[in-house]
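In case you want the letters, here they are:
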Amino acid sequence: MSSSTEVGTARPLEHARARQPDAAGTVERGGVRVHYEVFGDGSPTVLLLPAWSIVHSRAWKMQVPYLSRHVRVITFDGRGNGLSDRPLDGAAYDEQEFADDALAILDATETASAYVIGHSMGARRGLLLAANAAERIEGLALIGPAVPFASGQVANRTGGVPFDADLEEYAGWALYNRHAWVRDYRRFVEFFFSQVMNEPHSTKGVEDLVGWGLETTPEALVATQLGDSLDEPRIRELAARVRCPVLVLHGSEDAVRGVGSGAELAGLAGGTFVELEGAGHAPHARDAVRLNLLLRDFVAPAPPPPRWTRARDRRKRALYVSSPIGLGHARRDLAIADELRKLHPDLEIDWLAQHPVTVALEAHGERIHPASTHLANESRHIEAESAEHELHVFEAWRRMDEILLANFMVFHDVVRDEPYDLWIGDEAWELDYYLHENPELKTAAYAWLTDFVGWLPTPEGGEREAFLTADYNAEMIEQIARYPRVRDRAIFVGDPDDVVPGTFGPGLPSIREWTAEHFAFCGHITGFDPDEVSDRERLRADLGYAVDEQLCVVAVGGSGVGAGLLRRVIAAFPEAKQLVPGLRLVVVAGPRIDPHSLPAEPGVEVRSYVPDLHRHLAACDLAIVQGGLTTTMELAALRRPFLYFPLRRHFEHHFHVRHRLERHGAGRAMDFEVDGPHEIAAAIAEEIGRGTDYRSVVEDGAARAAAAIAELL
């Protein structure tokens, strides 16, 4: 798997972090500076050791957010990568140097003692610490320990080429060679990490590892092979002297160091051994939920959950998880919640939600679960991934993996500690994915809603994106085939013909046929009562709009990505005003765009969050919006003319939403790349007040969805 990261470059995409460090610093020993970070302030402290210097401390990204909510966590970049120095002297990479770095960091952070967790080569450093600094080590957890035991030899690594052999060609494990590294370092890194994470559908994990591997240099990596790495007799001697609790976790399919070595090491150290069925060499990355729970139980076991009251002796309770990417999910979820309460008046609903969804929930008087404060903000990540009217949403979602995992762990803790009869997830992708990966964690009825099915490649993405989207689709299909019981209800928000045609990818099923087999259809959910907005003349009077005004409302939703479109429409206003003398332009910035960041234009009104936006849309003579489904379909239901600008590289806007709008004959698609202020002004003049002949939009979608979900209660 290739990566765009150049060799030796610094750590990229810090905005993707689910948890930023609370403190950071460096220690210096023998002229080598080592960078560390501290997260949380709980007790005890957990020290996450570096593995081989081909990666740095971001390799623990799936553990840090979860563990640091419960304990204090310290990580450090091992010398040779990350923000630490890259000495070229082999002696600088003696295993004892890494262990001494760890002790220096414990001193620098005023840590008397800690639990130590190590992966792969980190096991050797952990053994040195537990054997030689026993008073400072409370427990030792080792994942896929890279110890040189015969029991850990992997068949395809035997008979390898010597590290110093100079050959004309290198392939397979022969690439583990100093000359191969210097000549074509990327090739080795890509091969090596394909072996580290060899489980199916691991493209993102491999991509991360390759990127981190390219942050060091082949010369530094060669030096790591020249230090004292501890031979087998020394490892056995150290293990025999360990007296603290020991946990060894090892994947059954580890292609780098066989599972037998982990079992043998656990026996030597008097520890507990857990074989992870189906896992490779990096289960803490690929099977993070299971690893997080095992590690949490080892270092700081969760208190037993409170004794649950029998369901028949208490009110029914539901936990609702609504996607924060825009406000559309919140609108339809509130409508569903209202309909659920009509069917079950005693139903208690808690919301696990984040901004901007919380804005809509609070305005509606809903109860937001206190644990919501622990959620990593997905909208902030999406905004950081966007350019001017551009969002490569598939890649942005892939790079949000640690945020999604962190948020699932928050969900897990909530439902472990509190009794719920029903979980509802509206495009809560983390909930759906990790429940299918860990079906044993399902303890309540579960309903899943979405308005699109299938990741689709954009033309700009080429063959790589086509491969990746098909791989993600194939994983979803396999998950649901393997564990159909996880989703008790799967509801498509729309009609069967709203599903896009085509397949999930080469050799994969038809999207329409598969969706029809696995989903119920509730029709679209507008989130408002059509009778409330049927009298436009009265509505305009209530909202302060004159009858003779030509009202144009511009709105970009709640994601914060639409500032570029707002600026362009504002720039078009003077020309549009000349073409439409009675024009009134109202710009709704939404809850995540500062209205003061937009240019001031005489005659243009800029408003922040408008909780009843649908009323303004119903009253308008023209709307200008992005390509999101909720607002465009609201306009279709309201039969108002509108211009819509799909975000560039946003596959959902360009394929799923556009297909639905074309089916309904609704709206006029515009292109941000070519349509400037002049073109927008002309389109306003052509479209404002135009009569519409849209296909009817179902009006009882929320009631139909609620009825299907209510059966689970």
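Keep in mind that this is a model prediction, so the values were computed, not measured. (Residues numbered from 1 in each chain as written. Predicted model: local features only at pLDDT ≥ 70, side-chain atom pairs only at ≥ 80, totals over all residues. Heavy atoms only, no water.)

(A) Examining the packing of aromatic side chains more closely. Tallied over the full model, the rule gives 36 aromatic pairs. Ring centres 6.5 Å apart and planes at 35 degrees place the aromatic pair tryptophan 173 and tyrosine 176 in the tilted group. The buried category is assigned to tryptophan 173, whose relative accessible area is 9%. Each member of the aromatic cluster is reached from another via a ring pair, and the members are Trp52, Phe163, Trp173, Tyr176, Trp181, Phe188, Phe191, Phe192 and Phe193. Its guanidinium or amino end placed over the ring of phenylalanine 149, arginine 236 lies 4.4 Å from that ring's centre, counting from NZ or CZ. Here arginine 568 stacks its cationic end above the ring of phenylalanine 672, 3.6 Å away from the centre of that ring. (Phe/Tyr/Trp six-rings, centres within 6.5 Å; stacked < 30°, edge-to-face > 60°. Buried < 20%, exposed > 50% of the residue type's maximum accessible area, 1.4 Å probe, protein only. Lys NZ or Arg CZ within 6 Å of the ring centre and 35° of its normal.)

(B) Up close: the pattern of salt bridges. What the rule picks out here adds up to 67 salt bridges. One salt bridge connects lysine 61 with aspartate 208, and the closest N-O pair in it is separated by 2.7 Å. Of the two residues, lysine 61 is situated in the loop between β3 (45–48) and α1 (64–67) and aspartate 208 in helix α6 (residues 203–213); the sequence distance between them amounts to 147 residues. By relative accessible area, which is 15% here, aspartate 208 ends up buried. Where glutamate 339 meets lysine 342, a salt bridge forms, and the shortest distance between an N and an O atom there is 3.2 Å. Placement of both glutamate 339 and lysine 342 in helix α12 (residues 328–343) is noted, with a separation of 3 residues, approximately one turn of the helix. Members of the salt-bridge network, linked through shared partners, are Glu207, Glu385, Glu395, Arg398, Arg399 and Arg464. (Salt bridge = Lys/Arg side-chain N within 4 Å of Asp/Glu carboxyl O. Helix = DSSP H or I, 4+ residues; strand = E, 2+ residues; numbered from the N terminus.)

(C) Examining the sheet that holds strand β19 (residues 622–626) more closely. Strand order in the open sheet formed by 6 strands is β18-β17-β16-β19-β20-β21, with parallel pairing between adjacent strands. Edge positions in the sheet fall to β18 (604–607) and β21 (668–669), since each has one partner strand and no second. Sheet topology places strand β20 (residues 642–645) next to β21; 2 bridges connect them, and they run parallel. Paired with tyrosine 644 across the two strands is alanine 669, which belongs to β21. Helix α21 (residues 563–579) contacts β16 (550–555), β17 (583–588), β18, β19 and β20 of the sheet and is inclined by roughly 170 degrees relative to β17. (Pairing = 2+ DSSP bridges. Contact = heavy atoms within 4.5 Å. Axes fitted to C-alpha atoms, helices over the stretch in contact; angles between N-to-C directions.)

(D) Fine view of the sheet that holds strand β4 (residues 72–76). The strand order across the open sheet built from 8 strands is β1-β2-β4-β3-β5-β6-β7-β8, with neighbouring strands paired in mixed fashion. Strand pairing shows two members of the sheet lacking a second neighbour, β1 (23–29) and β8 (272–276), which therefore form its edges. Here the average twist between neighbouring strands, direction ignored, is 20 degrees. In the sheet, strand β6 (residues 137–143) pairs with strand β7 (residues 246–251) via 4 bridges, with the strands oriented parallel. Each residue of the ladder has a partner; that of leucine 142, found in β7, is valine 248.

(E) Spatial organisation of the side chain of glutamate 634. Mapped onto the elements of the fold, glutamate 634 is located in helix α23 (residues 629–638). Here arginine 331 takes part through its side chain, which lies 2.5 Å from a polar atom of the side chain of glutamate 634. In contact with glutamate 634, not counting residues within four places along its chain, are Arg331, Thr526, Phe528, His614 and Leu617. (Polar contact = N/O pair within 3.5 Å; in protein donor to acceptor, adjacent residues only side chain to side chain.)

(F) Up close: helix α19 (residues 511–518). Buried within α19 we find Ile511, Trp514 and Thr515. Considered in projection along α19, the buried side chains sweep an arc of 100 degrees and stay on one side of the axis. For α19, the exposed residues set more than 90 degrees away from the buried face come down to Glu513 and Glu517. Lining the buried residues of α19 we find α18 (462–482), β14 (489–492) and β15 (520–521). In this structure serine 510 caps α19, since a side-chain oxygen of it lies 3.4 Å from the backbone nitrogen of arginine 512. (Arc of directions from axis to C-beta.)

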